[in-house]
Amino acid sequence: MGGNLARLFTTIKETQDWIMAAGFVVSFVLNLIVFLQIIYYNKPKKKESDDDFFLKEKVPSDKDDKKDKNDKNGKKKKNKKVE
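Residues numbered from 1 in each chain as written. Predicted model: local features only at pLDDT ≥ 70, side-chain atom pairs only at ≥ 80, totals over all residues. Heavy atoms only, no water.

A.B. asks: Teacher, can you tell me more about the overall build of the protein here?
C.D. replies: Summing up its helical and strand segments, the protein has four helices and zero strands in all. Reading the helices (α) and strands (β) of the protein from amino to carboxyl end gives α-α-α-α. Counting all 83 residues of the protein, 6% fall into the buried class. About 8,700 Å² of surface is accessible on the protein, with carbon and sulfur atoms providing 59% of the total. (Helix = DSSP H or I, 4+ residues; strand = E, 2+ residues; numbered from the N terminus. Buried < 20%, exposed > 50% of the residue type's maximum accessible area, 1.4 Å probe, protein only. Areas by Shrake-Rupley, 256 points an atom, 1.4 Å probe, with all protein chains shown as cover.)

This is the structure:
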């Protein structure tokens, strides 16, 4: 971006070619947009701390369902029907 401003300045002072200067202005603006996007989207991601880990709710998984159906010895529990 500094190079674009230097080109713009020298073009205006030396040649006074406004068409070429306009091209340098356009390139400066486009480079500035890319630079600002890099700054905006390059924010560091928040790391999960130990406190956040314990505060989150446990989401049941298929493994949890299988564990619930088996008793401590690994034998399947019999489902009792409640009337």
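A.B. asks: I'm lost on helix α1 (residues 2-15) in this one. Help?
C.D. replies: For α1, spanning 14 residues, the distance from its first C-alpha to its last is 19 Å, which sits close to the expected 20 Å at 1.5 Å a residue. Considered for burial, the residues of α1 that qualify are N4, L8 and T11. Across the axial projection of α1, the buried residues extend over an arc of 70°, all falling on one side. For α1, exposure combined with an orientation more than 90 degrees from the buried face picks out G2, F9, K13 and E14. For α1, the elements touching its buried residues are α2 (18-41). Looking one or two places after α1, you find Q16, whose phi comes out positive at around 55°. (Expected span 1.5 Å × (residues − 1). Arc of directions from axis to C-beta. Contact = heavy atoms within 4.5 Å.)

A.B. asks: Would you mind showing me how to read a nonpolar patch on the surface here?
C.D. replies: Taken together, the side chains of V25, V26, V29, L30 and I33 present a nonpolar region at the surface, about 400 Å² in accessible area. Positionally, L30 belongs in helix α2. (Patch = residues over 30% accessible without salt bridge, like charges linked within 9 Å, V, L, I, M, F, W, Y side chains within 5 Å. Salt bridge = Lys/Arg side-chain N within 4 Å of Asp/Glu carboxyl O.)

A.B. asks: I would appreciate a short explanation of the packing of aromatic side chains in the present structure.
C.D. replies: To describe a pair of aromatic rings, one takes the distance between the centres and the angle between the planes. Taken as a whole, this structure holds one aromatic pair when the rule is applied. Taking 4.8 Å as the distance between ring centres and 85° as the angle between the ring planes, the aromatic pair formed by Y40 and Y41 counts as edge-to-face. You can call Y41 exposed: its relative accessible area is 65%. (Phe/Tyr/Trp six-rings, centres within 6.5 Å; stacked < 30°, edge-to-face > 60°.)

A.B. asks: Hey, could you run me through the confidence of the model for the protein in this one?
C.D. replies: Detailed reading of the predicted coordinates is not advisable wherever pLDDT falls low. On average, residues of the protein score 77 in pLDDT, and 55% of them reach the 70 mark or higher. The spread of mean pLDDT over the elements of the protein runs between helix α4 (residues 62-69), the lowest at 58, and α2, the highest at 94. (pLDDT = per-residue confidence, 0-100.)

A.B. asks: Got a minute to help me understand the side chain of N4 in this structure?
C.D. replies: With respect to the secondary-structure elements, N4 resides in helix α1. Residue contacts for N4: discarding those within four places in its chain leaves F24, S27, F28 and N31.

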